[in-house]
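One letter stands for each residue in the lines below.
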Amino acid sequence: MKSMLSAISNALCRVTGRKVAGTVVASRSYADFTPRVTFDIKKCDLHGLEVGPPLKAELTRAQGLEYYRTMQTVRRMELKADQLYKQKIIRGFCHLYDGQEACAAGIEAAINLSDHLITAYRAHGYTFTRGVSVKEIMAELTGRKGGVAKGKGGSMHMYAPHFYGGNGIVGAQVPLGAGVALACRYQGNDQICVSLYGDGAANQGQIFETFNMAALWKLPCIFVCENNKYGMGTSVERASASTDYYKRGDFIPGIRVDGMDVLCVREATKFAADHCRSGKGPILMELQTYRYHGHSMSDPGVSYRTREEIQEVRSRSDPIFMLKERMLSNNMASVDEFKEMDTAIRQEVEEAAQFAMSDLEPPLEDLCNHIFANNPPLDVRGTNQWSTLKSIS
Amino acid sequence: MATSLKCFLRAGKNVVSVLRPRGFHSSAPAAVQVTVRDALNQAMDEELERDERVYLLGEEVAQYDGAYKVSRGLWKKYGDKRIVDTPISEMGFTGIAVGSAMAGLRPICEFMTFNFSMQAIDQVINSAAKTYYMSAGLQTVPIVFRGPNGSSAGVAAQHSQCFAAWYAHCPGLKVVSPWNAEDARGLLKAAIRDDNPVVFLENELMYGVAFEMSEESQSKDFTIPIGKAKIERQGNHVTLVSHSRCVGHCLDAAAVLAKEGIECEVINLRSIRPMDVESIETSVMKTNHLVTVEGGWPQFGVGSEICAKIMEGPAFNYLDAPVTRVTGVDIPMPYAKILEDNSVPQIKDIIFSIKKTLNV
């Protein structure tokens, strides 16, 4: 690399008659790296569709670095949450997303921030991709007032503009997402809603009720089944008569996507978004993915699957590793660049964790607030009749 | 006269002013007779017109004009976008309604009866009621859940349950229970304009009952504050507290007892949550006796809550007798008329309970 640089530098000096070594060194990244590469991606299985997403995806250097940054940040954030949970600084439910990063990163790459998204409880990744900082996410996990929901929501109840959580009741978010899509169509704003659920939730009756209404009313909704092969401790074979989740929409067209490949997810989501925006109604995407952690921090995750299986996925299909390899082997970035990014991300996550551990808990005065919106203050009964607490909007 | 006046009302102020002869005292038509059904219909019509984000969805609300004809004429006027017929999918369409409220619309979600809301109750409680709190104020859910509640006539156990206590139990919800046409109109408008989830409990047997509506209550901006009760009848000897259809029974009982020299003060709760305890306390401090009357079951009910609240407050020391609750019988609703009649509070039961409380 260095010898090539000096060769270029010398050549340029000869051509221009000026010393341009400095310039060449400064712009080394642009001169040296491949700016864009077109990759082959896995073909998606189709249901009710003649044509599916393209078989090739173009990745620019900038995009690659951005997707890497997003996925690595989510990865490190989730691993830090694991640590804090084991130290009992995070309590209650904590459902970690590591392994599934390509889904969140790929979807966000294909939609706009003005579109809408709703998911279930494994939501930290989406909370980040929808615009909430690592700091506010971690502080919410530790229940501090600097958390995105001021510490009142916790892991499963984080919100942002056009991001409707974080939902604790399995499957309930799917009709909510279709409702958001109804609002988009009603308001005529050309926006869509991505409504996510897991392989476990896929058997919920309300999801089929939602499919029916979404198709009937042609709601601009992308239903996404993140199939990570296990609904808590129950494998898909033991839970579903049909594990072809992309076909479960019946009259709704579906695609089955490699959820470990961020480019595959992106292209499929772009395809799905176009479908919705063109007024064709809803579409279903099954993302085949995997979670390294158990269902939640209370689940070691090895009683219903083997450690070998987890290791196999890590070594063969890790989404972050796959992207990095793609970029390195096509000379789109340098090893040092990735190292620098990793260091910066670790730093960011560490600082966020420090904040999350040191920030104050919400004040007791906040206990009864936020019961009603745009309401005059009201009294709330405390634990006994002499305890009257104040609630403001 | 009443019908033509109603037509004028619906057509709008302009028609009325054109026809108003010069030199006459300029006021809109004075008191008119309006059924609860029509009051609800007019309230929705006016709110749909006032705010384009408002829309109605539910089973048979559009082309059928509403299972109980409460939404008659609205689909013809506003079309498919604003008045939406849903398939029989309570959990699904309630979730869709709540989601649309989160994204900026103001849905009116109709349950054909509140019995069916049980299938969707998760969406009402977990998705609607709790969200503003869980999000620490980031996410509002301006939605109205409405429909007939409580007992009807001959519809048996699965179609006769009162859900006032169930919904009023939950923080984050407002729960209102209108009795007459004025209540229906004012509370529904207030509910639709409220930025929070409101459970609006109607009563099927009241839909066809006509009440006189004051001039003021016919105004397009007439709303009744949620959380305030109304004294329907003044009295000195005993306080009767009730909601929905039973308010009428209380007034009938009061009329009978007045002939015997017992003057009842009848309070129409209007709102179950938040409940206007102060009005009850003020009344009890005057009458020293309290009888609650409701159609729902006794255990853990509205009356139970009133008893507890009175005991905890200043009015307790003014009671000359324990509070009495008159409720529906603690059984699933039977079908046979004689059994059904004896499953709900009748006027004679209210009178009996009042006399027991007064020890006369």
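Residues numbered from 1 in each chain as written. Chains lettered and ligands numbered in written order. Predicted model: local features only at pLDDT ≥ 70, side-chain atom pairs only at ≥ 80, totals over all residues. Heavy atoms only, no water.

## Quick notes on the overall build of chain B
Link 1 in the chain: Looking only at helices and strands, chain B features 14 helices and 14 strands.
Link 2 in the chain: Over its C-alpha trace chain B gives a radius of gyration of 21 Å, about what one expects of a compact globule, namely 21 Å for 360 residues.
Link 3 in the chain: Its C-alpha atoms give chain B principal-axis dimensions of about 60 × 60 × 45 Å.
Link 4 in the chain: Every one of the 360 residues in chain B was classed for burial, and the buried ones make up 58%.
Link 5 in the chain: Once local pairs closer than 6 in sequence are excluded, the contacts in chain B between residues at least 24 apart make up 81%.
Link 6 in the chain: Carbon and sulfur atoms make up 54% of the accessible area of chain B, which amounts to about 14,700 Å² in all.
Link 7 in the chain: If you average the places of the 36 positive and of the 41 negative side-chain charges in chain B, the two averages end up 5 Å apart. (Helix = DSSP H or I, 4+ residues; strand = E, 2+ residues; numbered from the N terminus. Rg over C-alpha atoms; globule rule 2.2 N^0.38 Å. Buried < 20%, exposed > 50% of the residue type's maximum accessible area, 1.4 Å probe, protein only. Contact = heavy atoms within 4.5 Å. Areas by Shrake-Rupley, 256 points an atom, 1.4 Å probe, with all protein chains shown as cover. Lys, Arg positive; Asp, Glu negative; His and termini not counted. Charge placed at Lys NZ, Arg CZ, Asp CG, Glu CD.)

## Focus: the UniProt feature "domain: Dehydrogenase E1 component" (unreviewed entry) in chain A
Link 1 in the chain: Sequence positions flagged by UniProt for "domain: Dehydrogenase E1 component" (unreviewed entry) are, in local numbering, residues 70-363 of chain A.
Link 2 in the chain: With 46% helix and 11% strand, the stretch residues 70-363 of chain A has end C-alpha atoms that lie 33 Å from each other. (UniProt positions renumbered as here; feature names shortened; annotations may be inferred.)

## Things to note about helix α9 (residues 205-216) of chain A
Link 1 in the chain: With 12 residues, α9 of chain A should reach 16 Å at 1.5 Å per residue; the first-to-last C-alpha distance of 17 Å fits that figure.
Link 2 in the chain: Three or more residues of α9 of chain A are buried, namely Q206, I207, T210, F211, M213 and A214 of chain A.
Link 3 in the chain: Buried positions along α9 of chain A lie against α8 (173-187), β5 (193-198), β6 (221-227) and β10 (283-288) of chain A together with α5 (90-102) and α6 (121-129) of chain B.
Link 4 in the chain: Where α9 of chain A terminates, the next one or two residues include K218 of chain A, which has phi positive at roughly 50 degrees. (Expected span 1.5 Å × (residues − 1).)

## Quick word on the packing of helix α4 (residues 61-86) of chain A against helix α7 (residues 134-141) of chain A
The description of two packed helices rests on the angle between their axes and on the distance between the axes.
Residue and element names in this part refer to chain A.
Link 1 in the chain: At a closest axis distance of 11 Å, the pairing of α4 and α7 adopts a crossing angle of 25 degrees. Put simply, α4 runs roughly parallel to α7. The element α4 and its partner α7 pack so that their crossing is right-handed. Taken together, the residues of α7 that come into contact with α4 (itself represented by T73, M77, K80, A81 and L84) are V134, I137, M138 and L141.
Link 2 in the chain: Residue composition of the contact of α4 with α7, grouped by class: 7 nonpolar, 1 polar and 1 charged. (Axes fitted to C-alpha atoms, helices over the stretch in contact; angles between N-to-C directions. Parallel < 35°, antiparallel > 145°, perpendicular 65-115°, else oblique. Left-handed = near helix turned anticlockwise from the far one by under 90°. Nonpolar A, V, L, I, M, F, W, Y, C, P; charged D, E, K, R; others polar.)

## Overview of the pattern of salt bridges
Link 1 in the chain: Counted according to the given criterion, the structure contains 46 salt bridges over all chains.
Link 2 in the chain: Linking K390 of chain A and D379 of chain A is a salt bridge whose minimum nitrogen-to-oxygen distance equals 2.9 Å. Highlighted residues: K390 of chain A in strand β12 (residues 388-391) and D379 of chain A in strand β11 (residues 378-381), separated in sequence by 11 residues.
Link 3 in the chain: E232 of chain B is paired through a salt bridge with K230 of chain B; the nearest N and O atoms lie 3.8 Å apart.
Link 4 in the chain: For E232 of chain B, a relative accessible area of 21% puts it in the partly exposed group. (Salt bridge = Lys/Arg side-chain N within 4 Å of Asp/Glu carboxyl O.)

## What to know about the interface of chain A and chain B
Link 1 in the chain: The interface of chain A with chain B comprises 37 residues on the first partner and 45 residues on the second.
Link 2 in the chain: Counting the surface lost from both chain A and chain B, the interface buries some 3,500 Å², and carbon and sulfur atoms represent 65% of this.
Link 3 in the chain: Looking at the side of chain A facing chain B, the largest losses of area belong to Y159, Y186 and F372 of chain A, adding up to 21% of the total buried there.
Link 4 in the chain: Summed over the shared surface of chain A and chain B, the number is 1 salt bridge.
Link 5 in the chain: The closest approach of N and O atoms between R381 of chain A and E312 of chain B, which form a salt bridge, is 2.3 Å.
Link 6 in the chain: The interface formed by chain A and chain B contains 16 residue pairs in polar contact (both at pLDDT 80 or more).
Link 7 in the chain: Of all the secondary-structure elements, those providing two or more residues to the side of chain A that touches chain B are α8 and α9 of chain A. (Buried area = accessible area lost by both parts, 1.4 Å probe. Polar contact = N/O pair within 3.5 Å; in protein donor to acceptor, adjacent residues only side chain to side chain.)

## Observations regarding the sheet that holds strand β9 (residues 230-233) of chain B
Residue and element names in this part refer to chain B.
Link 1 in the chain: As summarised here, the arrangement of the 5 strands in space is β9-β11-β10-β13-β14, forming an open sheet in which the pairing is mixed. Both outer strands of the open sheet, β9 and β14 (324-326), are each paired with one neighbouring strand and no more. Put simply, the sheet's adjacent strands are angled 25 degrees from each other on average, direction ignored.
Link 2 in the chain: In this fold helix α12 (residues 302-312) packs onto β10 (238-242), β13 (290-293) and β14, with an angle of close to 155 degrees to the strand it touches most, β13. (Pairing = 2+ DSSP bridges.)

## Topic: α12 of chain B
Residue and element names in this part refer to chain B.
Link 1 in the chain: Of the residues making up α12, those classed as buried are V302, G303, I306, C307 and I310. Viewed along the axis of α12, the buried residues span an arc of 140 degrees, placing them on a single side of the element.
Link 2 in the chain: Looking at the packing, one finds that the buried side of α12 touches α8 (164-168), β10, β12 (271-273), α11 (277-287), β13 and β14. (Arc of directions from axis to C-beta.)

## Some remarks on the packing of aromatic side chains
Link 1 in the chain: Scanning the entire structure with this criterion turns up 15 aromatic pairs over all chains.
Link 2 in the chain: Centroid distance F211 of chain A to F223 of chain A: 5.0 Å. Interplanar angle 70 degrees. Geometry classified as edge-to-face. Here F211 of chain A, found in helix α9, pairs with F223 of chain A, found in strand β6; they are 12 residues apart in sequence, far enough to count as distant.
Link 3 in the chain: An aromatic cluster is present here, built from F93, F111, F114, F145, F163, W166 and Y167 of chain B joined pairwise through their rings.
Link 4 in the chain: Seen from the ring of Y64 of chain B, K69 of chain B lies directly overhead, with NZ or CZ sitting 4.0 Å from the centre. (Phe/Tyr/Trp six-rings, centres within 6.5 Å; stacked < 30°, edge-to-face > 60°. Lys NZ or Arg CZ within 6 Å of the ring centre and 35° of its normal.)

## Thoughts on the sheet that holds strand β4 (residues 106-110) of chain B
All names here are of chain B.
Link 1 in the chain: Spatially, the 7 strands line up as an open sheet ordered β3-β2-β4-β5-β7-β6-β12, and their pairing is mixed. Each of the sheet's edge strands pairs with one partner strand only, and the pair in question is β3 (83-85) and β12. Neighbour to neighbour, the strand axes of the sheet diverge by 20 degrees on average, direction disregarded.
Link 2 in the chain: Bridging between β4 and strand β5 (residues 144-148) involves 3 bridges; their strand directions are parallel. Across the sheet, residue E110 finds its bridge partner in β5, namely R146.
Link 3 in the chain: Packed on one face of the sheet, α5 meets β2 (54-58), β4 and β5 and runs near 165 degrees to β4.

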